[in-house]
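Below are the chains, spelled out letter by letter.
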Amino acid sequence: MRNVSMLSAVFLGLCISGVTLADESKVALSPDTDTALVMARCSICHSADYIQMNGGFLKRANWEAEVKKMTKAFGAPVNDEEAGKIVDYLVRQYGVE
Amino acid sequence: MTTRRTLLQTALGGLAFSTGIAGQVARAALPQGAIDSATLERLPGKQPLIKRSYRPPNYETPLADFSSAITPNDRFFVRWHLMGITEVDAREWRLTIGGDGATKPYELTLDQLKSDFEAVELVAVCQCSGNRRGLSDPHVPGVEWGYGAMGNARWTGVRLKDVLERAGLSKETVEIAFDGADRPALDVTPDFIKSIPVWKAVDENTIIAYAMNGEPLPHHNGYPARLIVPGWTATYWMKQVVSIQALRKPLANFWMASAYRIPKGKFAFADRFISQENDATTPITEIVVNSVITSHADGQRVSRGSPLTLKGLAWDSGAGIRRVEVSRDGGRSWNVADLGDDLGRFSFRTWQFGLNAQDPGPLVLMARATNRQGSTQVSELIFNNPGYHNNVIQAVTLTVV
């Protein structure tokens, strides 16, 4: 039997009120001049919440490594100029210096 | 005061959990971005799970939902690497067995898989290699999992070694590789194909499962059939498996050569994957001994003087759990908890510990599992860049009022 604790009571409440079907269209990256570029390139292979959940702790070198992984290991169609802009955006909006 | 928001954050795995070091309690928390982007969402056929990413879908089970040793299918975590996920029609599904190490390649329908080989059943924990990555300190990039990228099920299927035997394995075979029906968005992206050493493939506990807790596998857990590699992390448990290849040379793709590797020398492990080792790293293999508190969450209020039963789960790579201990003084002293039913050495083992909170204020409770080989959990994280093997002793801080 489930142990009915305060936690599960709140959880049940959520089930009724706050739980929705999966829909990535509501993921909104921080608005910026390069948001459209980031969405256009990164969203080819994954939803933008991958960026959000890794927000707030990666330095420039880490974001560079992530973008390089996407282009070199996974073959993301992103040219060098775009990759530079994407890294700058990620550092600016989701990185730490 | 425990607010609704606190509990919501806890349900989402967002609130800091404490990790124990004797005499002090360190805090381990998900990155802020992971806390903010997590939502409770319902995939088709699933109960609400904690969404880490929509596409590919990565969803973990809230800790409060681990209330029994067996994880219900509709609460079982979801983890995919590639966005091209198709619903497999079981009538169309074929499993091809081949490769340069197979002298008699052949193909199976689902009916043939079920009828041509002896059915076997076992209970085993499926745990993502990166479970708890989000609690890494310092944080590391990746899917920022909390505690719930794991589940335990009763799997029904056939022994992989029986299937391989019919293919006539050559003596030169070093690895068996597995491909699922999922595909990358771009042809240039490495397909998710994984291999295991031939010795592990012919282990009698390694099976191709077509049922999970007595039901067909849920789509998101690998319908119509997936590999079960008891004791090893879930990266090898190929979902929707469509191809099994016997290889005379080690598989050298991104997913073997670059991903899912641990630094050599940092972790004690018994199961070596020699054909994939290099000077610095080796593939992750077996699950480390671990435990979790599921009955209570950080910040929860409990009544002074009322009996309290702390509950949780413990597991390892298949030695089996010898004991679970609970500390109520920050790790200075430990008391043995009661173990629940033994469902097999690869299974979650439930445990519980009764106590009576007398002193008002914070009450730190910690749990620590030890397996039958004497391996136990660590007090401090063994840091590694991919964020694997986090078995730091968990602690929850309750408030006695």
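Further up the page is the structure itself.
Described in the following lines is the structure provided in the data block. Everything quoted here is computed from the prediction, not taken from an experiment.

### What about unusual backbone geometry?
As a rule of thumb, non-glycine residues mostly have phi less than zero, and peptide bonds are mostly trans rather than cis. Residue and element names in this part refer to chain B. A cis amide bond, omega -10°, links Arg 55 with the succeeding residue Pro 56. Along the chain, Pro 56 falls in the loop between strand 4 (49–53) and strand 5 (58–60). The omega torsion across Tyr 223 and Pro 224 is 5°, close enough to zero to call that bond cis. Mapped onto the elements of the fold, Pro 224 is located in the loop between strand 14 (215–216) and strand 15 (226–228). Here Asn 213, not a glycine, exhibits a phi torsion of approximately 55°, which is positive.

### Some details on the environment of Arg 132 of chain B
Residue and element names in this part refer to chain B. Here Arg 132 shows up in the loop between strand 9 (119–127) and strand 10 (150–159). Using a count of 29 C-beta atoms within 10 Å as the deciding quantity, one classes Arg 132 as buried. Taking the C-alpha atoms as reference points, Arg 132 and Ser 258, 126 residues apart in sequence, are found 20 Å from one another. Not counting chain neighbours up to four residues away, the residues in contact with Arg 132 comprise Trp 145, Gly 146, Tyr 147 and Asn 390.

### Some details on the pairing of strand 16 (residues 241–247) of chain B
All names here are of chain B. Buried residues dominate strand 16, accounting for five of its seven residues. The pairing of strand 7 (residues 95–98) with strand 16 spans three bridges and is parallel. Bridge pairing links Thr 96 to Ser 243 in strand 16. Here strand 11 (residues 175–180) pairs with strand 16 via six bridges, running antiparallel. Paired with Asp 179 across the two strands is Ser 243, which belongs to strand 16.

Thresholds, definitions, all that
- Residues numbered from 1 in each chain as written.
- Chains lettered and ligands numbered in written order.
- Predicted model: local features only at pLDDT ≥ 70, side-chain atom pairs only at ≥ 80, totals over all residues.
- Helix = DSSP H or I, 4+ residues; strand = E, 2+ residues; numbered from the N terminus.
- Buried ≥ 20, exposed ≤ 12 C-beta atoms within 10 Å, placed from the backbone.
- Contact = placed C-beta atoms within 7 Å.
- Pairing = 2+ DSSP bridges.

Take it as geometry only, folks, not as evidence of what the structure does.
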